[in-house]
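Listed here are the chains, written in short residue letters.
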Amino acid sequence: MAGTKPDNHPGSKTVKMCMPHWEDLKKTIEDRGLMGLVASDGKTAVENLVSELQEGSNPQNYDPLMAAMLAIWANALKYGGLYLMSQDDQGNDYCPLCEAQKHGIEAAEWIALAADGQVEMARGLKLAPKIQ
Ligand SMILES: [Zn+2]
């Protein structure tokens, strides 16, 4: 698995999630057959994200990995609150999934929900042919 695919890490400025959970999310997006829609580098991922926020999702800017991350963040903010946007005592960013787990929520469940949501989204955008 490792080393055979392009690096899909948008970099620390855009990935507000710990590495293990980011890897879990990526793996789940891959399992759903959506990896072909994910930007291969951080610059493109950010450009897509900006475009998506400004213009809404379209087949050109849609990135299931970023969208899933945003969905998880939206959930975390809804349940956890805005403190998640700040940093902990050590100056580290919070991981929404680690925080959710501290509150008894299964991170894997949120990841699966977010990934399933992207399957629907991709179908809605007529990107389904890339999905088996
Ligand atoms: Zn985490």
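Below is a summary of the structure that appears in this document. The shown structure was predicted, so the numbers you read here are calculated from the model rather than taken from an experiment.

### Brief notes about the overall build of the protein chain
Then comes step 1: Along the backbone of the protein chain there are five helices and zero strands.
Then comes step 2: Tracing the protein chain from N to C terminus, the helices and strands come up as α-α-α-α-α.
Then comes step 3: Split into buried and exposed, the 132 residues of the protein chain put 29% on the buried side.
Then comes step 4: A separation threshold of at least 6 residues defines the contact pool for the protein chain, and within that pool the share at least 24 residues apart is 68%.

### Points about the nonpolar core
Then comes step 1: If you look at the biggest cluster of nonpolar residues, it comprises 26 residues, and the most contacted ones within it are Ile-29, Ala-68, Met-69, Ile-72, Leu-97, Trp-110 and Ala-114.
Then comes step 2: When contributions to this core are tallied by element, the ones reaching two or more residues are α1 (19-31), α3 (64-80), α4 (96-102) and α5 (107-124).
Then comes step 3: Not counting chain neighbours up to four residues away, the residues in contact with Met-69 comprise Met-17 and Leu-25.

### A few points about α3
Then comes step 1: Here α3 contains 17 residues, and its C-alpha end-to-end distance of 23 Å stays within 8% of the 24 Å for a straight helix at 1.5 Å per residue.
Then comes step 2: Those residues of α3 not exposed but buried are Pro-64, Leu-65, Met-66, Ala-67, Ala-68, Met-69, Ala-71, Ile-72 and Ala-76.
Then comes step 3: Buried residues along α3 sit in contact with α1, α2 (42-55), α4 and α5.
Then comes step 4: Looking one or two places after α3, you find Gly-81, whose phi comes out positive at around 105 degrees.

Procedures and definitions
Residues numbered from 1 in each chain as written. Predicted model: local features only at pLDDT ≥ 70, side-chain atom pairs only at ≥ 80, totals over all residues. Helix = DSSP H or I, 4+ residues; strand = E, 2+ residues; numbered from the N terminus. Buried ≥ 20, exposed ≤ 12 C-beta atoms within 10 Å, placed from the backbone. Contact = placed C-beta atoms within 7 Å. Core = buried A, V, L, I, M, F, W, Y, C linked by C-beta atoms within 7 Å. Expected span 1.5 Å × (residues − 1).

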